[in-house]
Amino acid sequence: MTLPVTIIMIEDDEGHARLIERNIRRSGVNNEILSFTNGNSAMKHLFGPDGTGLAQKGNALLILLDLNLPDMSGIDILKQIKENKYLKASPVVVLTTTDDSQEIKRCYELGCNVYITKPVNYENFANAIRQLGLFFSVIQVPPAAS
């Protein structure tokens, strides 16, 4: 039996967050989306009250991560997720405006699964997110480790 996948969206720009969610929905993905506007609140949710990540044990998560957050670096969040025994198998999709080749390389080295540069043009951005939604509808996401 496959678990329902919860999408964790960490995006500080409310306009981008609405656009992402709307276009994921348009692609037919109806999974729960939990939205966080800063890294600290997302980390509290992901790692739970004891900070170990045990709170996510057995949950299937897919994480959408903006790198440019107001309170902490998305790179740090990615690193902590991929170093955590409960969260490391959760796919992380980096969605950011940064197209610096060194940053892209660093994200893949830390374990991001997909790196997408947000197009500046609204229609291109909406289209990219719809395609991402189609991708979500076919990938298999493992539950967090036990």
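About the criteria used
- Residues numbered from 1 in each chain as written.
- Predicted model: local features only at pLDDT ≥ 70, side-chain atom pairs only at ≥ 80, totals over all residues.
- Heavy atoms only, no water.
- Helix = DSSP H or I, 4+ residues; strand = E, 2+ residues; numbered from the N terminus.
- Rg over C-alpha atoms; globule rule 2.2 N^0.38 Å.
- Contact = heavy atoms within 4.5 Å.
- Areas by Shrake-Rupley, 256 points an atom, 1.4 Å probe, with all protein chains shown as cover.
- Buried < 20%, exposed > 50% of the residue type's maximum accessible area, 1.4 Å probe, protein only.
- Core = buried A, V, L, I, M, F, W, Y, C linked by side-chain atoms within 4.5 Å.
- Expected span 1.5 Å × (residues − 1).
- Pairing = 2+ DSSP bridges.
- Axes fitted to C-alpha atoms, helices over the stretch in contact; angles between N-to-C directions.
- Salt bridge = Lys/Arg side-chain N within 4 Å of Asp/Glu carboxyl O.

Trainee: Break down the overall build of the chain for me, citing the residues and quoting the values.
Mentor: Along the backbone of the chain there are five helices and five strands. When the helices and strands of the chain are read in sequence order from the N terminus, they spell out β-α-β-α-β-α-β-α-β-α. In terms of overall size, the chain behaves like a compact globule, its C-alpha atoms giving a radius of gyration of 14 Å where 146 residues would be expected to give roughly 15 Å. Principal-axis analysis of the C-alpha atoms places the extent of the chain at approximately 40 × 35 × 25 Å. Counting only contacts in the chain whose residues sit at least 6 apart along the sequence, the fraction spanning at least 24 positions is 70%. Counting only carbon and sulfur atoms, one obtains 50% of the accessible surface of the chain, whose full area is about 7400 Å².

Trainee: Give a detailed account of the environment of T117, specifying residues and quantitative values.
Mentor: Following the sequence through the fold, T117 ends up in strand 5 (residues 114-117). Classification of T117 as partly exposed rests on a relative accessible area of 30%. In this structure, the C-alpha to C-alpha distance between T117 and D99, residues 18 residues apart in sequence, is 6.0 Å. Ignoring sequence-local partners within four residues, the contact set of T117 consists of T96, T97, T98 and D99.

Trainee: So, the nonpolar core: which residues are in play, and what are the values?
Mentor: Core analysis: the largest hydrophobic core is formed by 24 residues, its most contacted members being I10, L46, I63, L65, I77, I81 and C107. Every element with two or more residues in this core is listed here: strand 1 (5-10), helix 2 (39-47), strand 3 (60-65), helix 3 (74-83), strand 4 (92-96) and helix 4 (101-110). Not counting residues up to four positions away in its chain, the partners in contact with I77 are I10, G39, M43, L65, L69 and M72. In terms of nonpolar packing, the next biggest core, distinct from the first, is built from 22 residues, A17, I20, A60 and F125 among them.

Trainee: Describe helix 1 (residues 14-26), listing the residues and the values that go with them.
Mentor: Between its terminal C-alpha atoms helix 1 stretches 18 Å, which fits the 18 Å expected from 13 residues at 1.5 Å a residue. Of the residues one or two after helix 1, G28 is the one with positive phi, at around 95 degrees.

Trainee: Give me the lowdown on the sheet that holds strand 5, citing residues and values where you can.
Mentor: The strand order 2-1-3-4-5 describes an open sheet built from five strands, whose pairing is parallel. In this open sheet, the two edge strands, each paired with only one partner strand, are strand 2 (33-36) and strand 5. The mean angle between the axes of side-by-side strands here comes to 20 degrees, regardless of whether they run parallel or antiparallel. Note: strand 1 against strand 2, four bridges, orientation parallel. Within strand 2, the residue paired with I10 across the bridge is F36. Running over the sheet, helix 3 touches strand 1, strand 3 and strand 4 and is turned about 160 degrees from strand 3.

Trainee: Describe in detail the pattern of salt bridges, supporting the description with residues and values.
Mentor: Taken as a whole and judged by the stated rule, the model has five salt bridges. For the salt bridge of E83 with K79, the shortest nitrogen-to-oxygen distance reads 2.9 Å. Remark: K79 and E83 occur in helix 3; sequence separation between them is four residues, near one turn of the helix. Look at the salt bridges and you will find they share partners, linking E11, D66 and K118 into a network.

Treat this as a map of the structure, not an account of what it does.
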